[in-house]
Amino acid sequence: MKKVLLSITIVLSVLIAFTSCKKENNNSNKTIPIQYKMETSMFPTTGMPTPQQISSCFHYNLSYVNAKGETVNVTNVSPGWASTSFEVKSPFTAKIEGTITYNESELPDGTIVFGGLPVIYYTKNGVQQHTQDDNTNTFSSKSQFLDYIASHPDRLKFKAEIAL
């Protein structure tokens, strides 16, 4: 009986030792470079050969998450703005969001290309990648743009987010 109990105790001890060992997650604590940008242009829908440049009359008030997980606020930046590149440890949720502002008096009388193009650039497994949604709109006149914004005020907000 003692031999049976000793054998069971040994087997249970071995099982407990194996089940309590943690497997290393290859993605945990990897260092990932990140940079946030507000792009100046976006390739439009199929059939248009050149990118559309966001009209310079638009500005952004935005916030993004830095390497420490803190929110950084930036105001009145123009298309083409970029944060400095920084490194984070995985897992990390990269996020940029904000609002688009404009002065009606600065809107051009002709074509207006409107949009918030927040992009998160990151390097994963040695390959640079990015998030980006095409949310640009082209308007033939100031009045067309103003009518659109009056009926779609939510378009003055933007957001990009990715879990790394």
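Just so it is clear, the model here is predicted, and its values are computed rather than measured.

J.: Help me understand the sheet that holds strand β9 (residues 118–124) in this model?
T.: Hydrogen bonds between backbone groups are what pair the strands of a sheet, and the pairing can be parallel or antiparallel. In space, the 4 strands of this open sheet follow the order β6-β1-β9-β10, with antiparallel pairing throughout. Of all the strands in the sheet, the pair left with one neighbour each is β6 (86–89) and β10 (127–131). When strand polarity is set aside, the average angle formed by the axes of neighbouring strands in this sheet is 30°. As paired strands, strand β1 (residues 31–38) and β9 are joined by 5 bridges and run antiparallel to one another. Bridge pairing links Q35 to Y121 in β9.

J.: What exactly am I supposed to notice about the sheet that holds strand β12 (residues 157–163) here?
T.: Pairing is antiparallel in the open sheet, where 4 strands are placed in the order β5-β4-β7-β12. A single partner strand is all that each edge strand has here, and the edge strands are β5 (71–77) and β12. Across this sheet, the average inter-strand angle for adjacent strands is 10°, counted without regard to direction. Pairing of strand β4 (residues 59–65) with strand β7 (residues 93–101) involves 6 bridges; the strand directions are antiparallel. For N61, the partnering residue across the bridge sits in β7 and is T99.

J.: Hey, could you run me through the packing of aromatic side chains in this one?
T.: One pass over the full model with this rule turns up 11 aromatic pairs. Each ring, one from F58 and one from F114, has its centre 5.1 Å from the other, and the planes form 65°; the classification is edge-to-face. Of this pair, F58 sits in the loop between β3 (52–53) and β4 while F114 sits in strand β8 (residues 112–114), and the two are 56 residues apart along the sequence. Judged on exposure class, the residue F58 and its partner F114 are both buried. Within the aromatic cluster, the residues linked to one another by ring pairs are F58, Y102, F114, F139, F145 and Y148. Over the ring of Y121 we find K37, and its NZ or CZ is 4.7 Å from the ring centre.

J.: Would you take a moment to explain the environment of P108 for this structure?
T.: Structurally, P108 can be placed in the loop between β7 and β8. For the pair P108 and S56, spaced 52 residues apart in sequence, the C-alpha to C-alpha distance is 9.5 Å. Other than its neighbours up to four places away in sequence, P108 contacts C57 and K142.

Scoring rules and cut-offs
- Residues numbered from 1 in each chain as written.
- Predicted model: local features only at pLDDT ≥ 70, side-chain atom pairs only at ≥ 80, totals over all residues.
- Heavy atoms only, no water.
- Pairing = 2+ DSSP bridges.
- Helix = DSSP H or I, 4+ residues; strand = E, 2+ residues; numbered from the N terminus.
- Axes fitted to C-alpha atoms, helices over the stretch in contact; angles between N-to-C directions.
- Phe/Tyr/Trp six-rings, centres within 6.5 Å; stacked < 30°, edge-to-face > 60°.
- Buried < 20%, exposed > 50% of the residue type's maximum accessible area, 1.4 Å probe, protein only.
- Lys NZ or Arg CZ within 6 Å of the ring centre and 35° of its normal.
- Contact = heavy atoms within 4.5 Å.

Coordinates in, geometry out; function isn't part of it.
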